[in-house]
Amino acid sequence: MAAKDNLTKSSDIQSTARVIDFVTRFARNWEHLREILGIMRPIRKEPGAILKSKTASVTLQGGTVGEGEEIPYSKATVIETPYEEMTVEKYAKAVSIEAIKTYGYDVAVGMTDDAFLYELQDNVTRRFYAYLNTGKLASSETTWQRALAMSKGLVINKFKQIHRTVTNVVGFANVLDLYDYLGDANITVQTAFGFQYVQNFMGFSTVFLLSDEEIPRGRVIATPVENIVLYYVDPSTSDFARAGLVYTTDGETNLIGFHVEGNYHTAVSESFAIMGMTLFAEYLDGIAVIDVDSTPTLGTLTVQSAAGTASGDTKLTVTPIKESPTNVYKYKTDPSTAPVVTYGQSVRNWTTWDGVSDITATTGHKITVVEADSTYKAQNAGNATVTAKT
């Protein structure tokens, strides 16, 4: 007697278990990564949505305003730049019946599923690394330890400027730099979603350890956890199902769809995966990228002096623009010879200049302008002979 219709066969159970195992492992890996990155909740997007990176600044106005006078508005600027379009990415893998016969099911199918899963995860993280390297808070430091510390300080300072809360900061560094810094020290390295990381390291909630392909040696990247989001396209959307494309998903958030079927025409076991995931740092100027330069040299500023608007004042023009929005201008004047300035020299006690206002100085004197970092260490300098309004 022939088997009844709709009988569930052993091959069906094996395929179903394999599909569920695949999507469950992917979801479990993501949940772990979400915890260590501090992402509160992924954001669902429709295919075709455009992701935009942002840079933000606030120019404060007001403060000292006379009684009854109109209070000027502070200028807040957010510039959006299109980053990429949300798309559904499609992947497939096939294992021949000959491979299964030669190596057995567990090797031919199971191990290739593991490799398939890893490559799909790596595809998401690799693009994230490339994006992080384009962060706008760029500068250099003389040591790796100082680069790590300053990268955290820069992003905290930036988020304070745009009035956003920072709970934790995550860092990204070359794995060889970490071990070179630690020497023989014993540390615990963990792994999730293709990331290697250490937790609670030098003030960071997490420092992720990357390869030379992902971040060059001598570079440190940092960003607040509040800046990291995940956008995704749901593979189980009804429009796909209506087209006859039904994928198995798993987890609270459907990040990946997976389907397995046997192709009797070619005698291969086919696997299909679709996903649309983008790990993203919303504020591009909320990503600090610090390079280590053990022998840095002082950069050059071109300083020009012209008569100011009031008697005894000079109007300065300085180029190029500041390397970082957190840097400050400091200056001093001398009757005859401009002082020699070296890289990293402290100019804390010099006079601060906002880069716009006129400066009171004497015609013929030398004025030296220094661009300093947030700790008042010289990065760039230049001087000019003063021309003041008579």
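Preceding block: the structure.
Here is what the cut-offs are and how they apply
- Residues numbered from 1 in each chain as written.
- Predicted model: local features only at pLDDT ≥ 70, side-chain atom pairs only at ≥ 80, totals over all residues.
- Heavy atoms only, no water.
- Core = buried A, V, L, I, M, F, W, Y, C linked by side-chain atoms within 4.5 Å.
- Buried < 20%, exposed > 50% of the residue type's maximum accessible area, 1.4 Å probe, protein only.
- Helix = DSSP H or I, 4+ residues; strand = E, 2+ residues; numbered from the N terminus.
- Contact = heavy atoms within 4.5 Å.
- Pairing = 2+ DSSP bridges.
- Polar contact = N/O pair within 3.5 Å; in protein donor to acceptor, adjacent residues only side chain to side chain.
- Phe/Tyr/Trp six-rings, centres within 6.5 Å; stacked < 30°, edge-to-face > 60°.
- Lys NZ or Arg CZ within 6 Å of the ring centre and 35° of its normal.

Colleague: Would you explain the nonpolar core in this entry?
Modeller: A general tendency of soluble globular proteins is for nonpolar side chains to be buried together. Core analysis: the largest hydrophobic core is formed by 49 residues, its most contacted members being Phe26, Leu33, Phe172, Phe208, Met277 and Leu279. Looking at this core, the elements with two or more residues in it are helix H1 (10-37), helix H3 (105-132), strand S6 (169-174), strand S8 (195-201), strand S9 (204-210), strand S11 (228-233), strand S12 (256-263) and strand S13 (268-281). Filtering out sequence-adjacent residues up to four positions away, Phe26 remains in contact with Leu117, Leu120, Gln121, Phe193, Leu255, Ile256, Met275 and Met277. Counting residues in hydrophobic clusters, the runner-up holds 19 residues, among them Ala147, Val169, Ala173 and Val207.

Colleague: What's the story with the pairing of S11 in this structure? I'm lost.
Modeller: On a regular strand, one side chain projects to one face of the sheet and the next to the other, so that they alternate. Within S11, 6 of the 6 residues are buried, which leaves it mostly tucked inside the rest of the structure. The alternating pattern of S11 places Ile228, Leu230 and Tyr232 on one face and Val229, Tyr231 and Val233 on the opposite face, and all of these are buried. Pairing analysis gives 2 bridges linking strand S1 (residues 43-44) to S11, with the strands arranged parallel. Among the inter-strand pairings, Arg44 is bridged to a residue of S11, identified as Tyr232. Both S11 and S13 contribute to a ladder of 6 bridges, which runs antiparallel. Directly across from Val233, in S13, lies its bridge partner Gly276.

Colleague: I keep staring at the side chain of Asp373 and nothing clicks. Help me out?
Modeller: With respect to the helices, strands and loops of the structure, Asp373 is situated in the loop between strand S21 (366-372) and strand S22 (378-385). Given a relative accessible area of 6%, Asp373 falls into the buried group. A distance of 2.8 Å separates the side chain of Asp373 from the side chain of Thr375, its partner in a polar contact. Other than its neighbours up to four places away in sequence, Asp373 contacts Glu141, Arg146, Asn327, Val328 and Gln379.

Colleague: How should I be thinking about the pairing of strand S16 (residues 302-307) in this particular structure?
Modeller: When S16 meets strand S17 (residues 313-319), the two strands line up antiparallel, connected through 6 bridges. Looking at the pairing, Ala306 lines up with Lys315 of S17. The hairpin formed by S16 and S17 contains 5 residues between the paired strands, and Gly312 there has a positive phi angle of roughly 85°.

Colleague: Explain the packing of aromatic side chains here, please?
Modeller: The description of an aromatic ring pair rests on the distance of the ring centres and on the angle between the ring planes. If you walk through the whole model with that rule in mind, you get 13 aromatic pairs. For the ring pair Phe22 and Phe258, a centre distance of 3.8 Å and an interplane angle of 10° mean the geometry is stacked. Of the two residues, Phe22 is situated in helix H1 and Phe258 in strand S12; the sequence distance between them amounts to 236 residues. Looking at Phe22, the relative accessible area reads 0%, which means it is buried. Pairwise contacts between aromatic rings join Tyr83, Tyr131, Tyr231 and Phe280 into one cluster. The ring of Tyr329 has Lys322 lying over it, and the distance from NZ or CZ to the ring centre is 5.5 Å.

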